[in-house]
Structure formats: structure tokens, C-alpha cells
Amino acid sequence: MGKFNSSIPLAVSKLILRSVVDSKKTFSFCHSSFSCSFTTFATRIKTSSKNAVNVGVKGKKDPCFHNVDDALTLFNQMVQKYPRPSIVEFNKLLGAIVRMKHYAFVISLYSQLELLGVPHNNYSFNILINCFCRLDHIDFGFSVLGKMLKLGIDPDVVTFSTLINGFCTQTKVAQAVSLFDEMIGKGFRPDLFTYNTILNGLCKTGNTNKAVKLLRSMEERDLQLDIVTYNTVIDCLCKDRRLTEALNLFSEVKDKGISPTTITYSCLIHAMCTVGQQKEATRFLDEMVASSVALDVVTYNILINAHSKEGMISEAEDIFDTMKKHGIEPSVVTYNVLIDGHCLQNKMQEARRVFDLMTKKGCVANVISYNIMINGYCKAKRMDEAMNLFCEMSQKGPIPNTVTYNTLIQGMCLLGRFSNAHEIFKKMCASGQVPDSVTYLVLLDGLCKYGKIKEALKLLQAMKNCGLEPDIVHYNTLIDGLCKGGHIGVALKLFHGLFVNGLNPSVYTYTIMINGFCKVGLPDEAYRLFRTMGDNDCLPDRSCYNVMIQGFLRNNYTSMAIQLLEEMVAEGFSADASTATLFVNLTFQCDRLVMFGNVS
């Protein structure tokens, strides 16, 4: 094993010891207000009970405590003893408190031990480093490492594994890898836990190639890899849409005699469904059954959801029935995805049947269940049924949330029932649900589509008054409504106001304005605006080019249209159907003129 002897300076490397305290400074362990979640060292602490924690004290029967108060009482008893117990006995107590996840409390107690002159050992420093890492203060963890080296206490694999895990949970994988390499360079032999920590960090941050390379390195080192290691990489490959590689690795796992788990199959099934391979995914489900791999509700939910989203609702129902035959009870998520599948096909009667079945089977519908049903009714323009379900929800179901109200408001707006939409909006505010940017966007869109521009402008101001800043989507909706209503001047004023409000127009914003100018017979103004797009780092796209060309053609700027068409093609864009039709009509008119000219 590697050693860090006393001749090694505190700054072993800029990475490892960048936080080492100056030898002239007193290090304090009193840091008590942090927050994080990460698991390393505490999982290695042995206890004899999951509920009560037993801590051995010399000469006494092992005491037991269930809470921090009991632990503090025991700590006070121990510090008052003479001779005082060794750090080993204190480590048993404080390690047990770590299992209770009172990390700041442990740091405070270690601070007291230091003031009492109780010397630390490697184990106590590791506990302390772990606590700082769990509290999202890895910098203090490195300070503890520096103190260890200053006191001549050698760090071990657990020390570095804890710090590496701390980096990974903060998604600082590059630093974790550097520390890992430094660890190996100093002669330490990482264990499987350390390798898995790095592997998991690489996968979570999308470093798939590096993860695969590390896996192959682990195999070459003859580490006893388990299915957890392979699952991590298979899942990473699946999320990266590298299904073929994931399947090849899956085959390798089976060839090595390692049994795939439910997680293995679920990752692959989900990846297959994502790329539209529902049949292959179902075959994998059959393989799970044949291999006696435990099926769970999550695996079935993946398959049911995939088939439902693709409109294969009868297949989804079959999988649902198979699930029940295997004795797996559908969860609320299962019912929700099946209900949503029926709603997507506008089969509201079937959706209601599944919704009622869920209640009958004792599975309580949640707010998502109701929102799916209400959205289905709204899209089917069956607002009375949507409102009835909303009333049912308000009386005996879960509390309606912002999504519920937004859905109903949008449904009313789409039908032009603005008085009803306004009533729902008032109910929303009265219920304590705060309207969000989506709420205002839905209302703005509805008002603009029905030409209620004055009300839309007032609503935008009301939104600002409520402390919500409209984004570019809100402005695009309103500018589009103004242009379609012939209010090009107001639209232009709103457009110029974007820069004042700290917003940059999008390509779509420019396209709306260009189209607006052309429709009111102002193609020159449209073209000037078109040419300023590059000044704002917003280059025209295919749609923008086509709108400008169509504007020229409709306003008889034929030569300009042809010139811009050539520019568009040079930029790699093509004419859309409307542009092509206008050019065909232009050619036809020219041919007629030529023909009639020859006749005369």
C-alpha cells in the first residue's frame, strides 16, 4: 500500500492538498449548517441492529440508544470518565451517529474531543472527512486530509474513496478522476467500491466512452465485478442511445456467468421502447420470465407507456392483463399511462373505464390521474365533462394544482369561452394556487386568437404587476396577435421594447414581424428588418427566408424574390410548399402573358 511519509510536503498536489491549512493556523471542525446527500464511509460501519444502535464501552455491557439525545448523554458520560476512553471507543459512538445521518452533530462532537486533547486516528479522520463530504463541503474534507498528513497519519483507500465520492456527488468528475489517478500514482490499490464510484460519476455526467474504457480497465485488473458495475455502464449506454453496444455488453455479462437483474432488463427494455422497438422489448420481457428474473411494476410500466405513446393501445392493454396474471398489482403510474394512452387516441370512454377501474381496485387516483383525464376531455372539447371531473376532484379527490387550472383555462380559451376561463382563473387564485407563466401564456394565446388584443395587452401588464416577467414566448404570442389584427405599429413598438426589457428577439419573433409587414403591404420595411437580423446574432432560418420571399411575391417584388431565393439555396435551405406554389403560379402567369402577347 502507498505511504504518505512526513517528508512529503502538505501540497502533495495542487488538487489533493489545495485546501490544506497552514501549519501556523488552528484548524476548526465546527461547521454546522450544510446540506447534501451522499453515501460512502458510513455504510461500512458495523452495527448489530438496524433500529437501535449498540456502542461498546470497555468494561460495560454494550449500551443502546435510539436518538441523538441518548447519544449525547453517552458521549458526556464517556468524556467524564477517568481514565478517559480512547479514540477507538469514541469512534464507535460517533460512527453510529453517522448512521443516524446527524453529520453536523458528529463534527461538533469531534471538535469537543480535540479541545479535550483526545488524539485522532485514521478511522476518526475518515469519519470526519465523510461528514464534511455528506454536508457538501469537500473543501473542508481536504483540509482534514491536510491535517492528517501534518500529524503524520497516513490516509488509506477509504480516505480517498470518500473524497472521490464527494467530488462525484457534486458532478465534479474531472477532479474525482484526477484524485483517483493521484491515488494510484502514490501506490494505493483502489477497491471495487472506489472504481464503482468513479464509474457511476462518469456515467451520470454522460462520459460514456470514458466509462466503457474504465470498465475494460477494471476487467483487466481481475477485479471481481458484479452485476451492479455492469448495470451502471449498460444504463449509461442505453441513455446515450447506444443500444447495440448495450446489448453486446449484456451478452458478455451472461457469457461471464453473471446473472442479469430486473434493473438490467428494465434499462434495455426502456432503451428499446425509446427507439421504437416495442416488439423486441416485449420479447425481452418474455426472456425475463423464462430466466426467472423477478418482474416488477416498473418494467411493466415502461412497456405499457411505450406502447400507449405509440398508439398501440390494445397491445398496452394486453401487457396490463399479463402483468395482473403474474400477480403484480398495477400502481397509480400504471393506470395513469394507460389512461393517457386512451386519451391520446381520443377514446375518452375507455379512459374513464380505466379510471373507474383504478378506484374500484383500491388504487387512489392522484392529481396526475385527474389532470390526464381533464386534459383528455378538454382536447376532445368536452368541457362540461372536464368541469364535472374538476368538481369531483375538488370534493373528494386530491387538491387541484396549477396544471389542473391551466388545462381548464386553455380548454375554455380554445372554445372562445373567456368568461368561463376568467371564472376558473379567479377560482385558481382563491384556492391559493399561484398563476404561473404558463397560465398567462394560455390566456394571452386565447385572447389573441380571438382578436381580443386590448384585453391581451392589459393581461401582459397584469402579469408584470404580479412580479412575473414575460419571456420571449409571451411577447411572440402577443406580437403575432397584433400583426394578425393589423396593429403593426403597436407590434413594432412591442418588438423594440424587447431590448429594453433585456430580451433578445428569436428567429420566430423576426419572422412574425416580417410576415406582419408584408401582409399590410410594407415589404421594404420587412426587408430592412430581415437584414438587421445578423446584427443581433440571429440569422434567418428556412421559415424566415420563405416568409420574406412569399412577401416579395405577394407584393409583386419578383426580382427581389428570385434574388433572395438564390441566397436561400446558397445557405442550404429549400423552398417550402407555399413558396413553390407562388413561383409556379408566377411562371403560369408569365406563360399566359407570353401566349396572349404572341396572339396579339
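Structure shown above.
Residues numbered from 1 in each chain as written. Predicted model: local features only at pLDDT ≥ 70, side-chain atom pairs only at ≥ 80, totals over all residues. Heavy atoms only, no water.

J.: It is not clear to me how the overall build of the protein should be interpreted in this structure. Could you clarify?
T.: Broken down by element type, the protein carries 30 helices and two strands. By the burial criterion, 47% of the 600 residues in the protein qualify as buried. For the protein, the proportion of contacts with a sequence separation of at least 24, taken over those separated by at least 6, is 61%. Carbon and sulfur atoms make up 52% of the accessible area of the protein, which amounts to about 30200 Å² in all. (Helix = DSSP H or I, 4+ residues; strand = E, 2+ residues; numbered from the N terminus. Buried < 20%, exposed > 50% of the residue type's maximum accessible area, 1.4 Å probe, protein only. Contact = heavy atoms within 4.5 Å. Areas by Shrake-Rupley, 256 points an atom, 1.4 Å probe, with all protein chains shown as cover.)

J.: Explain the packing of helix H26 (residues 507-519) against helix H28 (residues 542-554) to me, please; I cannot follow it from the model alone.
T.: What describes two packed helices is the angle between their axes and the distance between those same axes. Look at H26 against H28: their axes get within 9 Å of each other, and the N-to-C directions meet at 5 degrees. Comparing the axis directions of H26 and H28 gives the class roughly parallel. From H26, Val507, Thr511, Ile514, Asn515 and Cys518 reach across to H28, where they touch Ser543, Cys544, Val547, Met548 and Gly551. (Axes fitted to C-alpha atoms, helices over the stretch in contact; angles between N-to-C directions. Parallel < 35°, antiparallel > 145°, perpendicular 65-115°, else oblique.)

J.: Just checking my understanding: could you explain empty space enclosed by the protein for this structure?
T.: Think of a ball as big as a water molecule: rolled over the atoms, this probe shows where empty space is left. The final tally for this structure, using the stated rule, is two cavities of 30 Å³ or more. What the largest cavity holds in volume is close to 50 Å³. Forming the walls of the largest cavity are Asp480, Cys483, Lys484, Ile512, Asn515, Gly516 and Lys519. Elements that contribute at least two residues to the lining of the largest cavity include exactly helix H24 (472-484) and H26. Its residues assigned to classes, the lining of the largest cavity comprises two nonpolar, two polar and three charged. The volume enclosed by the second largest cavity comes to roughly 30 Å³. Taken together, Tyr527, Arg531, Met560, Gln563, Leu564 and Glu567 make up the lining of the second largest cavity. Looking at the lining of the second largest cavity, the elements that each hand over two or more residues are helix H27 (523-531) and helix H29 (558-570). (1 Å grid on protein atoms, 1.4 Å probe; cavity = no way out; pocket = protein on both sides within 12 Å on 5 of 7 lines; lining within 4 Å. Points joined across faces, edges and corners; volume = space filled by probe spheres on them. Nonpolar A, V, L, I, M, F, W, Y, C, P; charged D, E, K, R; others polar.)

J.: Explain the packing of helix H11 (residues 243-255) against helix H12 (residues 262-274) to me, please; I cannot follow it from the model alone.
T.: Look at H11 against H12: their axes get within 11 Å of each other, and the N-to-C directions meet at 155 degrees. In terms of orientation, H11 and H12 fall into the roughly antiparallel class. Between H11 and H12 the crossing geometry is left-handed. Taking contact as the criterion, the partners of Leu243, Ala246, Leu247 and Phe250 in H11 are, on H12, Thr264, Tyr265, Leu268, Ala271 and Met272. Taken together, the residues of the contact of H11 with H12 sort by class into eight nonpolar, one polar and no charged. (Left-handed = near helix turned anticlockwise from the far one by under 90°.)

J.: Honestly, the pattern of salt bridges in this entry has me stumped. Any pointers?
T.: Between side chains of opposite charge, a pair can form as their charged atoms come close. Going through the model one piece at a time under the given rule, you end up with 21 salt bridges. Of the charged contacts in the structure, one is a salt bridge between Lys309 and Asp340, with a shortest N-O distance of 3.4 Å. Linking Lys309 in helix H14 (residues 297-309) with Asp340 in helix H16 (residues 332-344), this pair joins segments that are 31 residues apart in sequence. Here Lys309 falls in the partly exposed class, since its relative accessible area comes to 49%. By relative accessible area, which is 19% here, Asp340 ends up buried. For Arg531, the salt bridge goes to Glu567, with nearest N and O atoms at 2.6 Å. (Salt bridge = Lys/Arg side-chain N within 4 Å of Asp/Glu carboxyl O.)

J.: Looking at this structure, how should I read the environment of Ile304?
T.: Topologically, Ile304 is positioned in helix H14. Along the primary structure Ile304 and Leu338 are separated by 34 residues, whereas in three dimensions their C-alpha atoms are 6.9 Å apart. Apart from the residues within four sequence positions on either side, Ile304 is in contact with Ala316, Ile319, Phe320, Met323, Thr334, Val337 and Leu338.

J.: Help me understand the packing of aromatic side chains in this model?
T.: For any pair of aromatic rings, the description rests on two quantities: the centre-to-centre distance and the angle between the ring planes. According to the stated counting rule, one finds 20 aromatic pairs in the structure shown. When the centroid spacing of 6.2 Å and the interplanar angle of 10 degrees are considered together, the rings of Tyr527 and Phe530 count as stacked. In this pair, Tyr527 and Phe530 both sit in helix H27, three residues apart, roughly one turn of the helix. According to the relative accessible area criterion, Phe530 is buried, its value standing at 2%. Connected via pairs of aromatic rings, a cluster forms that spans Tyr527, Phe530, Tyr545, Phe552, Tyr557 and Phe573. (Phe/Tyr/Trp six-rings, centres within 6.5 Å; stacked < 30°, edge-to-face > 60°.)

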